[in-house]
Each structure stands twice: as structure tokens, then as C-alpha cells.
Amino acid sequence: LGVDVQMYSKNEVIDINGTVSVDDFYYRKEHVGDLGLGIKYRLSQQTEHDVDFSLSVDGVKALLTKGKLETGVEDKNIALDIDIPRFPLRLAGVFTPPGIMNLGGDMVGALQVKGQIDHPLINGNLRFRDGIIEALMIGTSFKIDSSTIVIHDNLLDFNHFGLIAPNKQRLE
């Protein structure tokens, strides 16, 4: 575990910058990898939060979040841009119950979260790159469709999205 975080305070503004890293992280005896969290945070006027966070897996940027949150009595707004350049699905697979499945490939995409903190609107898109689900209980692997999943005002559009069986037939 490595922590390198600095905090500055000047004129009622607090800045926090740094990194938190976990080398050789294991969960339930399964290797997850080297995880790194980059942190840039600013609190101003006690209610305005500027964030710039990044998650790296094995040295590769997996998730980037940048934006602003307002937590005042009157203003409770959120405006975040989330970029997913390469989130490894195996990372999510480690946290599924043992003996069920293995995941491979990556998720890529971008999301925007805007509006009121208690009623945000999420828009963007996600897709899988070289995604694979290995169903351990039946001994079969399925490819995950690489079609774009559109998210518009909190609704996911899964039209024509499916898995591809070993015989190359789509399962929708």
C-alpha cells in the first residue's frame, strides 16, 4: 500500500492532491492487479467540490472522472464527465461468487452525470472490446457483443445487444 497525498489550505480553499496505490492486490485469493488512484480535489466556499480522479489497473488508465459538485443549501448540482478508456472486465469478474464465471476483455465508453445531486441525469455510451464470459458451470465461453449501449436520461438502450455462442450464433 502506498499513499502520497498532500493537502493545502489557503483563503478558505482546500486542495488535496496525490495518489493511493495497492501493488499486487488479491481478493479471495485471486490476483486483481496493481491498482492506483489519482486524486485532485478542491473544496472552495465550503460547498463547491472540484474533482479529478483517475483509476489505473496495472499501470493503464481505466477510469477518469472530472467535474464539479455543489452541496450548498440552495445549490445541489452535479456535473461529472466520466471517461472509461479501458476498464478490464476481469476486475469485475474477481468480485463475482467463485466458480460461477470468469470475465475477459474491456469496457470502454464515456458518461456525463448532470443535474441535481438527488436526481442526476446520466447520458453516454458503453461498449465491450473483446469481451468474453466464461460460464464455468457449463464449461462454455460466450463473446460479449461489441455494439454500443446508449444511455439517454438514465435509460439504457440494449437494442440488438447480446452474447455470441461458440457456434457464432447470437443470443439476444
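The paragraphs below set out a description of the structure included in this document.

This paragraph deals with the nonpolar core. In this structure, Leu89, Leu126, Phe128 and Ile144 are the most contacted members of the largest nonpolar core, which totals 17 residues. Every element with two or more residues in this core is listed here: β6 (77–88), β7 (101–116), β8 (119–135) and β10 (149–152). Every residue in contact with Phe128, bar those within four places of it in the chain, is listed here: Leu89, Asp106, Met107, Ile144, Asp145, Ser146, Ile149 and Phe161. Membership of the second largest hydrophobic core comes to five residues, among which are Val57, Ala62, Leu91 and Val94.

This part covers the environment of Asp15. Position of Asp15 relative to the elements: it lies in strand β2 (residues 13–27). In this structure, Asp15 is in contact with Gln6, Met7, Tyr8, Tyr41 and Arg42, ignoring residues within four places of it in sequence.

Here we come to the pattern of salt bridges. Per the stated rule, a full pass over the model turns up eight salt bridges. One salt bridge in this structure joins Lys68 and Glu48, with 3.9 Å as the shortest N-O distance. Note that Lys68 is positioned in strand β5 (residues 60–70) and Glu48 in strand β4 (residues 48–57), a separation of 20 residues in sequence. Among the salt bridges present, the one from Lys114 reaches Asp81, with a minimum N-O distance of 3.9 Å. Linking Lys114 in strand β7 with Asp81 in strand β6, this pair joins segments that are 33 residues apart in sequence. It is possible to trace a salt-bridge network through shared partners that takes in Glu48, Asp50 and Lys68.

Looking now at the pairing of β5. Relative to β5, β4 runs antiparallel, the two being bridged by ten bridges. Following the sheet pairing, His49 is matched in β5 by Leu69. As defined by bridge partners, β5 adjoins β6 across six bridges and the pair is classed as antiparallel. Note that in β6 the partner of Leu69 across the bridge is Ile78. Between the antiparallel neighbours β5 and β6 lie six residues.

Tracing the backbone through its elements, the reader meets Tyr27 in strand β2. Tyr27 gets classed as partly exposed once you look at its relative accessible area, which sits at 29%. Sequence separation between Tyr27 and Val94 is 67 residues, and the spatial gap between their C-alpha atoms is 7.1 Å. Once residues lying within four places of it in the same chain are set aside, the contact partners of Tyr27 are Val32, Val94 and Phe95.

Moving on: the packing of aromatic side chains. Taken as a whole and judged by the stated rule, the model has three aromatic pairs. Taken together, Phe128, Phe158 and Phe161 form an aromatic cluster joined through their ring pairs.

Moving on, we come to unusual backbone geometry. One non-glycine residue with positive phi stands out, namely Asp24, at about 55°. For Gln46, which is not glycine, the phi dihedral falls at a positive 60°. Relative to the helices and strands, Gln46 resides in the loop between β3 (30–44) and β4.

Thresholds applied
- Residues numbered from 1 in each chain as written.
- Predicted model: local features only at pLDDT ≥ 70, side-chain atom pairs only at ≥ 80, totals over all residues.
- Heavy atoms only, no water.
- Core = buried A, V, L, I, M, F, W, Y, C linked by side-chain atoms within 4.5 Å.
- Buried < 20%, exposed > 50% of the residue type's maximum accessible area, 1.4 Å probe, protein only.
- Helix = DSSP H or I, 4+ residues; strand = E, 2+ residues; numbered from the N terminus.
- Contact = heavy atoms within 4.5 Å.
- Salt bridge = Lys/Arg side-chain N within 4 Å of Asp/Glu carboxyl O.
- Pairing = 2+ DSSP bridges.
- Phe/Tyr/Trp six-rings, centres within 6.5 Å; stacked < 30°, edge-to-face > 60°.

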